[in-house]
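Close look at the chain arrangement
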Amino acid sequence: MTAPTATPETRPEPLLNPRDYESAARARLDRSVFDYIAGGSGDELTLHEDRAAYDRYRLRPRALVDVSHCEPATTLLGAPVALPVGIAPMAYHQLVHPDGELATVRAAGAAGALTVTSTFASTSLEDVAAAATGPLWLQLYVLRRREVTASLVRRAEAAGYRALVITVDTPRMARRERDLRNGFRLPAHIRPANLDRDHEAGLHEGRAGDSTLAGHAARHHDAAFTWNDLAWIRSLTDLPLVLKGVLTAEDAHRAAGLGVAGLIVSTHGGRQLDGVVPALEALPEVVAAAGDRCEVLVDGGVRRGTDVLKALALGARAVLVGRPVLWGLAVDGEPGAAQVLSTLRAELEEAMALTGRPRLSDVTHDLLRPAGAGRTT
Ligand SMILES: Cc1cc2nc3c(=O)[nH]c(=O)nc-3n(C[C@H](O)[C@H](O)[C@H](O)COP(=O)(O)O)c2cc1C
Ligand SMILES: CCCCC(=O)C(=O)O
């Protein structure tokens, strides 16, 4: 894919990595849509730190290993995936491209990657499932109207979703100042396709100083949902439960004790509590607390194949990527999202080869040392 501004006289710039796609997406999207996706909460400290945490590790390569074949395939909750990289749940993919979630789930299918579909998808979860060829999990925001959440669970089961991802870091939506400044609102043609009209009210009429998504979350998210209520979700379904947004050993331990199958260590991409511990820094304590009781994934700031390797070396089973997929989708629809995933795969295989770790089981903690420090293992 090439940037759209090429003329016969100027050679088009190739788009080689998520940052290139981000720049190209910025040039195409409305400012308020770009900012909604790119932004974080508060001072955007965590947005920055989630990314910077990866750069604080150095790789320790082993030489003279047969790396003629590097194999990034693995399983996630028992389902085979071609690589340990999946698509994070993100609201309203149609904000950036009319094909929306259908394009991203097809791109994931072609890559053999996991897709996590958002409660706030702009395409119905059934239509997403019909277009999927790879494994699918459904992300749930627990809503005040419990019957709506219960019906999402039943629909997910019927449509073939393999796990439910309950997001636990958003009892309310954090103040995201870019959205407040821009008066972010959903364009009229985009709606939360999984929800009824009652849950659509107010999303489209905004004003400067306000974000309609924040008001929506205040009205509909159930801020009183606790550990005790997890049993209610458990009673609705036999699907594995995954908690997204766990950042401490205490919560990981509690979740594992309740039979939760997976944890996603996440700061919500720096969009919720600003100043919280970066996901990569929280990963080791969550992995240690979960032991072999839960599969642990991490998201936030993954932009390179070497980032994937670092997360795996710290104990993650896989990573999720968010914004890069939307940048690819914005620039070129399904092929753009596919290109972002295939670039991450190529970079991961390259990193496995150049560190002398041809199998994921070779990707262990001794691969890393903190930048500027001596050997730690
Ligand atoms: C535009 C956008 C929408 C998001 N919507 C959701 C959502 O509906 N549910 C959810 O659990 N997380 C949501 N997230 C958070 C992502 O799942 C993920 O945690 C984060 O984007 C990962 O960071 P990255 O974008 O740096 O890869 C959203 C993130 C973005 C950027
Ligand atoms: C109320 C949350 C809306 C989607 C979301 O999770 C996000 O924008 O980060």
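Residues numbered from 1 in each chain as written. Chains lettered and ligands numbered in written order. Predicted model: local features only at pLDDT ≥ 70, side-chain atom pairs only at ≥ 80, totals over all residues. Heavy atoms only, no water.

Considering the site of ligand 2
- Every residue near ligand 2 is listed here: Y36, A91, Y141, M173, R176, A217, H221, H268 and R271.
- Y36 places a side-chain nitrogen or oxygen 2.6 Å from an oxygen atom of ligand 2.
- Between R176 and ligand 2, the recorded distance is 2.8 Å, taken from a side-chain N or O atom to an oxygen atom.
- Isolated, ligand 2 exposes 290 Å² of accessible area, and the fraction of that covered by the protein chains is 93%.
- In a pocket analysis with a 2 Å cut-off to the grid points, ligand 2 is assigned to the largest cavity.
- Grouping the amino acids of the shell around ligand 2 by side-chain chemistry returns five nonpolar, two polar and two charged. (Near = heavy atom within 4 Å. Polar contact = N/O pair within 3.5 Å; in protein donor to acceptor, adjacent residues only side chain to side chain. Areas by Shrake-Rupley, 256 points an atom, 1.4 Å probe, with all protein chains shown as cover. 1 Å grid on protein atoms, 1.4 Å probe; cavity = no way out; pocket = protein on both sides within 12 Å on 5 of 7 lines; lining within 4 Å. Sits in = over half its atoms within 2 Å of the grid points. Nonpolar A, V, L, I, M, F, W, Y, C, P; charged D, E, K, R; others polar.)

Things to note about the site of ligand 1
- Taken together, 23 residues form the shell around ligand 1, and within it P89, S118, T167, D299 and R303 come nearest.
- The contact in question runs from a nitrogen atom of ligand 1 to an N or O atom on the side chain of Q139, over 3.4 Å.
- Between an oxygen atom of ligand 1 and a main-chain N or O atom of R323, the distance comes to 2.9 Å.
- When ligand 1 sits alone it has 610 Å² of accessible area, and the protein chains cover 98% of it.
- More than half of the atoms of ligand 1 fall within 2 Å of the grid points belonging to the largest cavity.
- At the level of elements, α2 (31-38) and α13 (323-354) are the ones that each hand at least two residues to the shell around ligand 1.
- By residue class, the composition of the shell around ligand 1 is nine nonpolar, nine polar and five charged. (Helix = DSSP H or I, 4+ residues; strand = E, 2+ residues; numbered from the N terminus.)

Comments concerning the packing of helix α12 (residues 305-313) against α13
- Interaxial distance between α12 and α13 falls to 7 Å at its minimum, and their mutual angle equals 60°. The angle between α12 and α13 places the two elements in the oblique class. With respect to the hand of their crossing, α12 and α13 are arranged in right-handed fashion. In this structure, α12 uses G305, T306, V308 and L309 to contact α13, whose residues at the interface are L344, E347, L348, A351 and M352.
- In terms of residue class, the contact of α12 with α13 is built from six nonpolar, two polar and one charged. (Axes fitted to C-alpha atoms, helices over the stretch in contact; angles between N-to-C directions. Parallel < 35°, antiparallel > 145°, perpendicular 65-115°, else oblique. Left-handed = near helix turned anticlockwise from the far one by under 90°. Contact = heavy atoms within 4.5 Å.)

Concerning the packing of aromatic side chains
- All chains considered together, the criterion is met by four aromatic pairs.
- Ring centres 5.0 Å apart and planes at 20° place the aromatic pair F34 and W327 in the stacked group. Placement of F34 in helix α2 and of W327 in helix α13 is noted, with a sequence separation of 293 residues between them.
- Assessed through its relative accessible area of 4%, F34 is described here as buried.
- By relative accessible area, which is 2% here, W327 ends up buried.
- Here the aromatic rings of Y92 and F120 are separated by 6.1 Å at their centres, their planes lie at 25°, and the arrangement is stacked. Here F120 lies in the loop between β5 (115-117) and α5 (125-131) and Y92 lies in the loop between β4 (85-87) and α4 (100-111), a separation of 28 residues in the sequence.
- For F120, a relative accessible area of 8% puts it in the buried group. (Phe/Tyr/Trp six-rings, centres within 6.5 Å; stacked < 30°, edge-to-face > 60°. Buried < 20%, exposed > 50% of the residue type's maximum accessible area, 1.4 Å probe, protein only.)

Remarks on the pairing of strand β9 (residues 262-265)
- Both faces of β9 are covered, namely the face carrying G262 and I264 and the face carrying L263 and V265.
- As paired elements, strand β8 (residues 241-244) and β9 share three bridges and run parallel to each other. Paired with V242 across the two strands is G262, which belongs to β9.
- Read as a crossover between parallel neighbours, the route from β8 over helix α10 (residues 249-257) to β9 is right-handed.
- A crossover connection joins β9 to the parallel strand β10 (residues 295-299) through helix α11 (residues 279-290); in handedness this β-α-β unit is right-handed. (Pairing = 2+ DSSP bridges. Right-handed = clockwise from strand over helix to strand, strands pointing away.)

Observations regarding the confidence of the model for the protein chain
- Overall, the predicted model of the protein chain reaches an average pLDDT of 95, with 97% of residues at or above 70.
- Interface predicted TM-score (ipTM) for the complex: 0.99; the corresponding pTM is 0.96. (pLDDT = per-residue confidence, 0-100.)

A word on the nonpolar core
- Membership of the largest hydrophobic core comes to 105 residues, with the highest contact counts inside it found for Y92, L95, V96, L263, V265 and V298.
- Ignoring sequence-local partners within four residues, the contact set of L263 consists of V242, L243, V246, A252, A255, V286, A290, C294, E295, V296 and L297.
- Among the nonpolar cores identified, the runner-up in size contains 13 residues, and V242, I264, A318 and L320 belong to it. (Core = buried A, V, L, I, M, F, W, Y, C linked by side-chain atoms within 4.5 Å.)

A closer look at the layout of surface pockets
- Taken as a whole, the largest pocket encloses approximately 400 Å³ of empty space.
- Around the largest pocket, the lining is made up of 20 residues, and of these T167, V168, D169, P171 and F225 lie nearest the centre.
- Counting only elements with at least two residues in the lining of the largest pocket, the list comes to β7 (164-167) and α9 (227-236).
- When the residues that make up the lining of the largest pocket are grouped by side-chain class, the tally is eleven nonpolar, six polar and three charged.
- The calculated volume of the second largest pocket comes to roughly 290 Å³.
- Surrounding the second largest pocket, T74, V287, G291, C294, E295, V296, L312, G315, A316, R317, L360 and V363 form its lining.
- Grouping the constituent residues of the lining of the second largest pocket by class yields seven nonpolar, three polar and two charged. (Points joined across faces, edges and corners; volume = space filled by probe spheres on them.)

Observations regarding the packing of helix α3 (residues 45-55) against α12
- Relative to each other, α3 and α12 sit at 80°, their axes nearing to 9 Å. Relative to α12, the element α3 is oriented roughly perpendicular. Two secondary-structure elements touch here, α3 through R51, Y54 and D55 and α12 through D307, K310 and A311.
- Split by residue class, the contact of α3 with α12 holds two nonpolar, no polar and four charged.

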